[in-house]
Structure formats: structure tokens, C-alpha cells
Amino acid sequence: MKFPLAVVSCLLGALSLGAGGAAVAQDAPRTELGARLVEHHGDETFLRLEDVKLRERVAYPDGATFGALKTPAGAYQAYLSTLAAVEEEAGVKTLLVNSVLRSNRVRPDVHWTRCDWDIVVVKHYPSWRAWEKVEGSGLRKAAYVHREAAVANDHVVVAVPRIVRATRQSRPDDPTDTMIYIMNHLELREQARYADGSYPGSTGIEAYERYKGGGPLANVPRELIIIAEVPAALNSADAHWTRLNIVRYPSLREVVELTRPSDHPESWWMMHEHKEAAAARHCGPITVPTLPESSVDSASREP
């Protein structure tokens with residue numbers, strides 16, 4: 001039987017010569033994300049951010065009583081813990097597992113109706129092979145029983161890191177205060193859109209640079225610990241973001257005070273017009289860490 005040349009080339013490309021000249025199959029991705037990474041990102045590192053909305057109650061399948069947890073938060077933590085050993089073996093680093101703080105105040109920077117999460121998880125993968133190793137592990141099925149019991153809705157973003165920087169800020173002295181992480185998901189416009197027509201010809205990036213964190217808020221001691229780009233080729237169609245910025249502030253109380261509505265021209269509220277002009281969508285949950293911050297150190301890198 002004769003095969004078309006294209007088919008023969010494809011078959012040969014999937015083989016390599018092993019010891020003694022025997023032909024052996026090269027490793028190849030078995031998942032959709034793995035295939036996307038191989039095609040568009042090669043063997044480079046990447047971040048995977050997972051926004052999670054928990055169920056009101058756990059929902060284990062009928063008959064799943066052994067190992068069942070009573071709360072969605074507990075079940076989700078069991079999911080993370082079950083994968084921890086195989087992730088460590090694969091070189092995956094869990095950078096942040098943060099809980100989202102609730103606020104009844106309407107912020108002008110939330111343009112995305114689905115920006116309602118309970119937990120945000122950021123993991124660092126050394127390559128697509130690490131993703132495939134975890135997904136192909138025998139522990140995955142056991143882990144996902146807990147995950148499916150815990151999660152009502154999720155949103156996953158795959159990003160290319162420019163900066164992953166360790167944080168070493170001290171905690172506030174006041175026990176009623178806490179440090180926070182703002183997890184900025186941004187879709188920046190090509191051309192900025194100012195409501196009053198100012199800054200004609202300005203790009204979305206230029207408008208975002210004018211914002212600079214929002215007036216006096218930019219002067220609060222803070223650390224920009226993650227900057228990452230979000231390539232469309234690595235993501236599903238509902239991930240519209242172009243950039244992820246994760247910023248740590250040492251004081252929740254100070255951030256709340258500085259972001260109150262104000263008519264002062266240099267206040268965060270008024271400076272926010274630049275962010276409004278720059279971003280077609282923005283989701284910026286305010287979060288607190290639920291895993292040790294030292295986990296960020298393990299994957300620190302500069303551009």
C-alpha cells in the first residue's frame with residue numbers, strides 16, 4: 001500500500017531513533033492546552049491563573065463518601081493538596097492561593113459581569129511537559145472529584161510571565177489590618193477612549209501609564225510582583241485579557257481610604273479616568289493570601 005508523501009512525512013516526524021537505531025515515538029501533547037503550548041509557545045515557562053466561584057454546598061457524586069469534605073472551601077483545598085506531590089515532581093510552583101475579599105461598594109473599574117470569584121490560584125509551569133505530567137497523573141482523577149464537588153464556576157487564563165518577583169514587605173502592625181493582593185485582569189484597547197475626547201490619538205497602553213496605579217494610591221509602598229501577557233493563541237475564546245498585573249499592598253485599610261469617592265483632581269477616583277479610557281474590560285479582585293508568601297520566591301525571575 002502506498003501512502004501520500006504528506007502522511008509519510010508526518011509519520012517520520014513523530015519518530016526518532018533510539019538505542020541501536022530502533023524507531024521510538026517522541027513525546028507529544030495529549031491535551032488541548034498542551035497542543036496550544038507546543039504550537040505557539042514551545043518549551044517556555046508559563047503561568048496558569050484560575051479564578052474560582054465555589055458552590056454554596058459541596059456536591060460529591062452519589063456514593064462518594066470516603067474522603068468527602070463538608071465545605072466547598074475544604075473540598076477545593078483537598079483538590080490542591082492531592083495534586084501537590086505530582087506538581088512538585090513536575091517542577092510546578094504554586095505562587096499564590098488567595099481568597100477574595102467581599103465589598104458592597106461599587107467600584108468604577110469592574111467592567112466584566114463575571115468578575116465574582118471566591119478564590120484565585122496562580123501556578124508557574126516550567127514547560128508544557130509539566131502540564132502534561134500533572135494532567136496524566138493517576139492522582140488527577142482523585143483530585144478532580146474534590147474540585148468538581150467544590151466549584152460552581154471557573155475562569156482560566158494562561159499567561160506568559162515578564163516578571164515574577166519575590167515580595168518581602170512587612171505585615172502591618174495593626175492586627176485588624178492586613179496586606180492585600182489586587183489581581184488585575186486587563187483587556188487594553190488599541191486606542192484609548194476618553195469620555196471627554198481628551199488625549200486624541202492616545203493608545204490604551206499610554207492611557208494606562210497615565211493612571212500609574214491611581215493618584216496617591218501609587219505612592220503607597222507596594223510591589224508589582226507579577227506582570228504577564230495573555231496571548232490569545234494560548235487561551236479559550238472567553239479569555240479576552242491582554243495583561244495580568246498582580247500588585248501587593250501592605251495595608252488594606254490605607255487602600256480602602258485612598259480609593260473612596262473624591263472630587264480632588266489627583267485622587268484615585270479622578271485619576272481613574274485614565275484606566276477607564278485604557279481598558280475595554282477589567283477585573284481586579286482584592287485578595288488575601290491563604291498559602292505562605294514564600295511560595296512566590298521559588299519562581300522569582302526578572303524579564
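Residues numbered from 1 in each chain as written. Predicted model: local features only at pLDDT ≥ 70, side-chain atom pairs only at ≥ 80, totals over all residues. Heavy atoms only, no water.

Engineer: Whenever I open this one, the nonpolar core confuses me. Can you help?
Structural biologist: Most often, soluble globular proteins have nonpolar side chains that are buried together. By size, the foremost hydrophobic cluster in this structure holds 29 residues, and its most contacted members are L37, Y76, Y79 and I119. Counting only elements with at least two residues in this core, the list comes to α2 (32-41), β3 (46-54), α3 (72-90), β5 (119-125), α4 (128-135), α5 (139-150) and β6 (151-164). Top contributing element to this core by residue count: α3, with 7 residues. Each residue touching Y76, except ones within four places of it in the same chain, is listed here: E50, V52, L54, I119, V121, R147, A150 and V151. The next biggest cluster of nonpolar side chains, apart from the first, holds 22 residues, and it includes L95, L96, A159 and I226. (Core = buried A, V, L, I, M, F, W, Y, C linked by side-chain atoms within 4.5 Å. Buried < 20%, exposed > 50% of the residue type's maximum accessible area, 1.4 Å probe, protein only. Helix = DSSP H or I, 4+ residues; strand = E, 2+ residues; numbered from the N terminus. Contact = heavy atoms within 4.5 Å.)

Engineer: Teacher, can you tell me more about unusual backbone geometry here?
Structural biologist: Peptide bonds are, in most cases, trans, and in most cases residues other than glycine have a negative phi. One non-glycine residue, Y199, lies in the positive phi region at around 55°. When you line up the elements, Y199 lands in the loop between β7 (180-188) and α6 (204-211). In this structure Y199 comes out as partly exposed when scored by relative accessible area, which is 39%.

Engineer: Would you explain the confidence of the model for the protein chain in this entry?
Structural biologist: Reading predicted coordinates in detail is not appropriate for stretches of low pLDDT. Predicted confidence across the protein chain gives a mean pLDDT of 80, with 76% of residues reaching 70 or more. The secondary-structure element of the protein chain with the lowest mean pLDDT is helix α1 (residues 5-13), recorded at 35, while α4 shows the highest, at 97. Confidence over residues 1-26 falls short of pLDDT 50; this stretch has 15 contacts with residues more than four positions distant or in other chains. (pLDDT = per-residue confidence, 0-100.)

Engineer: I keep staring at the packing of aromatic side chains and nothing clicks. Help me out?
Structural biologist: A full pass over the atoms with the stated rule returns 6 aromatic pairs. Ring centres of Y76 and Y79 lie 5.3 Å apart, and the angle between their planes is 50°; on these two criteria the pair is classed as tilted. Highlighted residues: Y76 and Y79, both in helix α3, separated by 3 residues, approximately one helical turn. With a relative accessible area of 1%, Y76 lands in the buried category. Relative accessible area serves as the criterion here: at 4%, Y79 is assigned to the buried category. Their ring planes at 85° and their centres at 5.4 Å tell us that Y79 and Y144 sit as a pair that is edge-to-face. Linking Y79 in helix α3 with Y144 in helix α5, this pair joins segments that are 65 residues apart in sequence. Comparing Y79 with Y144, the two get one shared label, buried. In this structure an aromatic cluster arises from ring pairing among F46, Y125 and W131. A cation over a ring is seen here: R140 above Y144, with NZ or CZ 3.9 Å from the ring centre. Above the ring of Y79, the side-chain terminus of R147 is found at 5.5 Å from the ring centroid. (Phe/Tyr/Trp six-rings, centres within 6.5 Å; stacked < 30°, edge-to-face > 60°. Lys NZ or Arg CZ within 6 Å of the ring centre and 35° of its normal.)

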